[in-house]
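# Fold and geometry: a report
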Amino acid sequence: MKTIKIHAIQARAERLHQPEMVEVYEDMSEVWDTTVNGVCIMTDENHSTVNELWNETLIATGAPRGCSNCRGL
């Protein structure tokens, strides 16, 4: 299971002009907690799928990939 801060997902989606990706994370998550912790918890398999979608989006739009610390949530 992967735990990701929702604000990090939102920031990345905004930076890459892909707001619909927030919905993809929410749909594929096991837990989408906006109340206190602000985290998204998803299976490793779903996390890999979402990262593949990001990569496809980056390639299709020609967006910069960023540094190794910024890639992939």
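I will try to describe carefully the structure that is included in this document.

Reading the values: rules and limits
- Residues numbered from 1 in each chain as written.
- Predicted model: local features only at pLDDT ≥ 70, side-chain atom pairs only at ≥ 80, totals over all residues.
- Heavy atoms only, no water.
- Helix = DSSP H or I, 4+ residues; strand = E, 2+ residues; numbered from the N terminus.
- Buried < 20%, exposed > 50% of the residue type's maximum accessible area, 1.4 Å probe, protein only.
- Contact = heavy atoms within 4.5 Å.
- Areas by Shrake-Rupley, 256 points an atom, 1.4 Å probe, with all protein chains shown as cover.
- Phe/Tyr/Trp six-rings, centres within 6.5 Å; stacked < 30°, edge-to-face > 60°.
- Patch = residues over 30% accessible without salt bridge, like charges linked within 9 Å, V, L, I, M, F, W, Y side chains within 5 Å.
- Salt bridge = Lys/Arg side-chain N within 4 Å of Asp/Glu carboxyl O.
- Lys, Arg positive; Asp, Glu negative; His and termini not counted.
- Charge placed at Lys NZ, Arg CZ, Asp CG, Glu CD.
- Pairing = 2+ DSSP bridges.
- Axes fitted to C-alpha atoms, helices over the stretch in contact; angles between N-to-C directions.

Time to look at the overall build of the chain. Broken down by element type, the chain carries three helices and three strands. Counting from the amino terminus, helix and strand elements in the chain follow one another as β-α-α-β-β-α. Going through the 73 residues of the chain one by one, you find that 33% of them count as buried. Once local pairs closer than 6 in sequence are excluded, the contacts in the chain between residues at least 24 apart make up 61%. Carbon and sulfur atoms make up 50% of the accessible area of the chain, which totals about 4,700 Å².

With that settled, the discussion passes to unusual backbone geometry. Among all residues except glycine, the phi angle is most often negative; among peptide bonds, the trans geometry is most common. One non-glycine residue, H17, adopts positive backbone phi at about 55°. Its location among the elements puts H17 in the loop between α1 (6–15) and α2 (20–28).

A word on the packing of aromatic side chains. A ring pair, where both rings are aromatic, is described by two values, the distance of the centres and the angle of the planes. In this structure the tally under the stated criterion is one aromatic pair. The interplanar angle of 45° and the centroid separation of 6.5 Å between the aromatic rings of Y25 and W54 together place this pair among those described as tilted. With Y25 in helix α2 and W54 in helix α3 (residues 44–61), this pair connects stretches of sequence that are 29 residues apart.

Moving on: a negative patch on the surface. On the surface, a cluster of negative charge is made up of E20, E23, E26 and D27. Note on placement: E20 falls in helix α2. With a relative accessible area of 40%, E20 lands in the partly exposed category.

We now examine the sheet that holds strand β1 (residues 2–5). A sheet is described by the order of its strands in space; here three strands give the open sequence β1-β3-β2, paired in antiparallel fashion. Across the chains shown, the open sheet's two edge strands, defined by having one partner strand only, are β1 and β2 (31–33). Sheet twist, expressed as the mean angle between neighbouring strand axes with direction ignored, is 10°. Direction of pairing for β1 relative to strand β3 (residues 39–42): antiparallel, over a ladder of four bridges. Along β3, the bridge assignment pairs K2 with M42. Across the sheet, α1 lies against β1, β2 and β3, angled at about 65° from β1, the strand it touches most.

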